[in-house]
Amino acid sequence: MEKTFTLYNGVAIPCIGYGTYKVRDASAADIVRTALECGYRHLDTARIYGNEKEVGEGIRLSTVPRDEIFLTSKVWKTHLSYDDALRSVEESLKDLQTDYLDLCLLHWPMPEGDHVDWRQRDLAAWQALERLYEEKVLRSIGVSNFLPHHLMSLLAKADVKPMVDQLEFHPGYCQPYALSFCQKEGIQIEAWSPLGRTRVLEEPLLLELAEKYGKSPAQICLRFALDNGVLPLPKSSSPERMKVNLDVFDFRLSPEDISRIFTMAQSGWSGQHPDTF
Ligand code: A2P
């Protein structure tokens, strides 16, 4: 089975990434190094996670060369202006001890505080990413938590279409409208919380399918993302579960089972709506 997706600009992206949200205590660099040693070649961080120094240190401590790692960071909603976005990326690069990112995302469509001018502010920050993309500091650029209406506003004025949209996606919260909008536009969807932060792992349907396929409910969630063309970013601090979460390339869900998961009752939503959070 293919272990990469290809973004519309031709950049290959490992089809499972390691999510580093909340990896930020004293052992964070070791956890990142362990993830690399377990086989992850795609790391997802963000300015707001406050762990870029540790992620950079984890990469440095590992035996994996930088150019074999797909590294993503994000610009937080406090930095939705042209200059602030440039500064945010500069700080990310410094903390991550690198001179380029494989992917950089605008993290949230709504600015901090007053939301009235969100369209102009998204565009201004986006233009900073476009510039860094042209300068090859960023190999690809995208957004996160942008629903179709946020994307429509950006697409109307952007020179470069986002290559990625990272959304909450897991059994019980699939955002089908956003999914089909992005897929029609050729925008790769990444899934944050692909395991629903464990809230969906006891769902009877997932337990039933885990039994049927001889896998765990977490592996069913990850396969469900992949079988829908969505790139999951699972988090785990345990080496055992890090490995389990990569061991999903020896089975596929049947169309009927995909449909059952896709249409199951809403469950495990984080409560974080992009327009109000
Ligand atoms: P842990 O760090 O103890 O492994 P999500 O990626 O959806 O945000 O979920 C992250 C949560 O899922 C973490 O609490 C993590 O705990 C747990 N988790 C990660 N992988 C697995 C797995 N394979 N089975 C059960 N729980 C998992």
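Above this text you will find the structure in question.
Worth saying up front: this structure is predicted, and the values here are computed from it rather than measured.

In this structure, Asn145 is a non-glycine residue whose phi angle is positive, near 65°. Here Asn145 shows up in the loop between strand E7 (141-144) and helix H5 (148-157). For Asn145, a relative accessible area of 3% translates into the label buried. Despite not being glycine, Gln175 shows a phi value in the positive range, around 45°.

Looking now at the sheet that holds strand E9 (residues 188-192). Taken in spatial order, the 8 strands line up as E3-E4-E5-E6-E7-E8-E9-E10 in an open sheet, and their pairing is parallel. The sheet terminates laterally at strand E3 (18-19) and strand E10 (231-232), the two strands that pair on one side only. Bridge count between E3 and strand E4 (residues 42-44): 2 bridges; the pairing is parallel. Bridge assignment links Gly19 to a residue of E4, and that residue is Asp44.

Under the counting rule described, the total for this entry stands at 1 cavity of 30 Å³ or more. Volume-wise, the largest cavity comes out at about 50 Å³. Every residue lining the largest cavity is listed: Asn145, Leu167, Glu168, Tyr173, Gln175, Trp192, Trp269, Gln272, His273 and Pro274. Residues that form the lining of the largest cavity fall into these classes: 5 nonpolar, 4 polar and 1 charged.

Take the environment of Ala128 next. Within the secondary structure layout, Ala128 lies in helix H4 (residues 118-134). Exposure remark for Ala128: the relative accessible area of 0% places this residue in the buried category. In this structure, the C-alpha to C-alpha distance between Ala128 and Leu147, residues 19 residues apart in sequence, is 21 Å. Look past the residues within four positions of Ala128 in its chain and what remains in contact with it is Tyr82, Ala85 and Leu86.

Another point: the state of the cysteines. Here is the idea: a disulfide is a covalent bond, and it sits between the sulfur atoms of two cysteines. In the structure shown here, the tally under the stated rule is 0 disulfides. With no disulfide of its own, Cys182 has Cys174 as its nearest cysteine by sulfur position, at a separation of 14 Å. The class for Cys182 is buried, based on a relative accessible area of 1%. Free cysteine Cys221: the closest other cysteine sulfur is in Cys174, separated by 9.8 Å.

So, about the layout of surface pockets. Put simply, the largest pocket is a space of about 390 Å³. Lining the largest pocket we find 20 residues, and of these Leu195, Thr198, Lys235, Ser236 and Ser237 sit closest to its centre. Ranked by the residues each element gives to the lining of the largest pocket, the list is headed by helix H9 (residues 239-244), at 3 residues. A breakdown of the residues in the lining of the largest pocket according to their chemical character gives 8 nonpolar, 7 polar and 5 charged. In this model, the second largest pocket occupies a volume close to 320 Å³. Along its surface, the second largest pocket is lined by 19 residues, and Tyr21, Tyr49, His107, Arg197 and Gln272 are the ones closest to its centre.

To continue, consider helix H7 (residues 204-213). The set of residues buried in H7 consists of Leu205, Leu206, Leu209 and Ala210. Angularly, the buried residues of H7 cover 135° about the axis, an arc narrow enough to put them on a single face. Every exposed residue of H7 that faces more than 90 degrees away from the buried side is listed here: Pro204, Glu211 and Lys212. After H7 finishes, the residue Gly214 shows a positive phi value of roughly 65°.

Conventions we followed
- Residues numbered from 1 in each chain as written.
- Predicted model: local features only at pLDDT ≥ 70, side-chain atom pairs only at ≥ 80, totals over all residues.
- Heavy atoms only, no water.
- Helix = DSSP H or I, 4+ residues; strand = E, 2+ residues; numbered from the N terminus.
- Buried < 20%, exposed > 50% of the residue type's maximum accessible area, 1.4 Å probe, protein only.
- Pairing = 2+ DSSP bridges.
- 1 Å grid on protein atoms, 1.4 Å probe; cavity = no way out; pocket = protein on both sides within 12 Å on 5 of 7 lines; lining within 4 Å.
- Points joined across faces, edges and corners; volume = space filled by probe spheres on them.
- Nonpolar A, V, L, I, M, F, W, Y, C, P; charged D, E, K, R; others polar.
- Contact = heavy atoms within 4.5 Å.
- Disulfide = S-S within 2.5 Å.
- Arc of directions from axis to C-beta.

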